[in-house]
Amino acid sequence: MTRRGVPAYGNWSRAVMWRLAGTSALRHLERLGWNPVRHPDRASGRMGDMSEIDGMGTERATCVLAPNPSAMTLDGTNTWIIGEPGAEEVVVVDPGPKDGKHLRRVADLIAGQGRRVGLVLLTHGHPDHSAGAVKFAELAGGGAKGGGVKVRALDPRHRLGDEGLGEGDVVTTGGLELRIMETPGHSDDSLTFWLPADRAVLTGDTVLGYGTTVLEGKLGDYLGSLDRLRSFSADQDAAVILPGHGPKLDDPLAALDHYIDHRRERLAQVEAAVAGGARTAREVVEIVYADVDESLWPAAEWSVQSQLDYLNERP
């Protein structure tokens, strides 16, 4: 335990924590009274609580909240059902964790509307977004492996079928138009989807509904992605951000400005900590993140390491 009574996971790798967040294992651990990645604001430890996030969206996009809240996933993973009004086919973005109850719920909601799944898309390959994709494709396709329902992603390891997904692609399943942008930083394979009919930006984990995202990729790439999304959102008059976790954001420019300012401020703080003698990511975290719950320090170390690498590589 940490000094604040929160289960410590300093020895847990990020791969293990994301994998736990990408399965139903968290609910089973909760029944045993232990969850190594519990969301620090969920004092009760109850998993799968619904909230205003579940069912939010736009005319064409509806969120189905997965029951995997944690320090890594906030309230849970947002699975998005996207379709043109009256269309028989829909696109599902980020089926979420390999949790049968959640996957069946998404499939039943679509079937209950008299519609079918035409395609599954992934914003990136972290298990809390992608682990359930193949199983969901089987459910949506009637039990066969995929059943004709393909999973498209930037990383070939997460695809079902031969067709990938990348910069400049346009998805038109069911008469829908979704435009694809590569936005690395949170991960090297992170994608953002633009839904022009609703002026909506689906950001995956590049921009969250609240808080800030952990960086697995390079900070320089992430800052470039944020700047690009800011310019794009201004040019296109974006009306809403639909994130991979947390509530939707109805002022995209303000949200992106906050993200950009926050990263620049954190970078300046890290630089100051290094100038003051800090040498390792942990030493920097103890200074810069002193006001953050210590259970989140391991995740903060990953982001700080990205910042240190950026500072070392900068001319």
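Novice: Is there a simple way to think about the overall build of the protein in this case?
Specialist: Scanning the protein from N- to C-terminus turns up 9 helices and 10 strands. Classification of the 315 residues of the protein by burial places 54% in the buried group.

Novice: Explain the nonpolar core to me, please; I cannot follow it from the model alone.
Specialist: Side chains of a nonpolar character, in soluble globular proteins, are inclined to be buried together. In terms of nonpolar packing, the biggest core is built from 35 residues, with Val207, Leu226, Ile241, Val284, Tyr289 and Val304 touching the most fellow members. Elements with a contribution of two residues or more to this core: α6 (219–236), α7 (252–275), α8 (281–288) and α9 (297–313). Take this core: its biggest share by element is 7 residues, from α7. Once residues lying within four places of it in the same chain are set aside, the contact partners of Ile241 are Val201, Thr203, Val207, Lys248, Leu249, Pro252, Ala255 and Leu256. One finds Trp80, Ala200, Leu202 and Leu242 within the second-largest nonpolar core, a separate group that totals 23 residues.

Novice: I would appreciate a short explanation of the confidence of the model for the protein in the present structure.
Specialist: A low pLDDT means the predicted coordinates there should not be read in detail. This prediction gives the protein a mean pLDDT of 85; 83% of its residues lie at or above 70. Long-range and interchain partners of residues 1–13, a stretch whose pLDDT sits below 50, account for 27 contacts in this model, where long-range means more than four residues apart.

Novice: Sorry, what's going on with the packing of aromatic side chains here?
Specialist: For any pair of aromatic rings, the description rests on two quantities: the centre-to-centre distance and the angle between the ring planes. In total, this model carries 1 aromatic pair according to the counting rule given. Each ring, one from Trp194 and one from Phe232, has its centre 5.2 Å from the other, and the planes form 85 degrees; the classification is edge-to-face. In this pair, Trp194 is assigned in strand β8 (residues 191–195) and Phe232 in helix α6, connecting sequence segments 38 residues apart. For Phe232, a relative accessible area of 19% translates into the label buried. Here the guanidinium or amino end of Arg266 rests over the ring plane of Tyr289, the centre of that ring lying 4.2 Å away.

Thresholds, definitions, all that
- Residues numbered from 1 in each chain as written.
- Predicted model: local features only at pLDDT ≥ 70, side-chain atom pairs only at ≥ 80, totals over all residues.
- Heavy atoms only, no water.
- Helix = DSSP H or I, 4+ residues; strand = E, 2+ residues; numbered from the N terminus.
- Buried < 20%, exposed > 50% of the residue type's maximum accessible area, 1.4 Å probe, protein only.
- Core = buried A, V, L, I, M, F, W, Y, C linked by side-chain atoms within 4.5 Å.
- Contact = heavy atoms within 4.5 Å.
- pLDDT = per-residue confidence, 0-100.
- Phe/Tyr/Trp six-rings, centres within 6.5 Å; stacked < 30°, edge-to-face > 60°.
- Lys NZ or Arg CZ within 6 Å of the ring centre and 35° of its normal.

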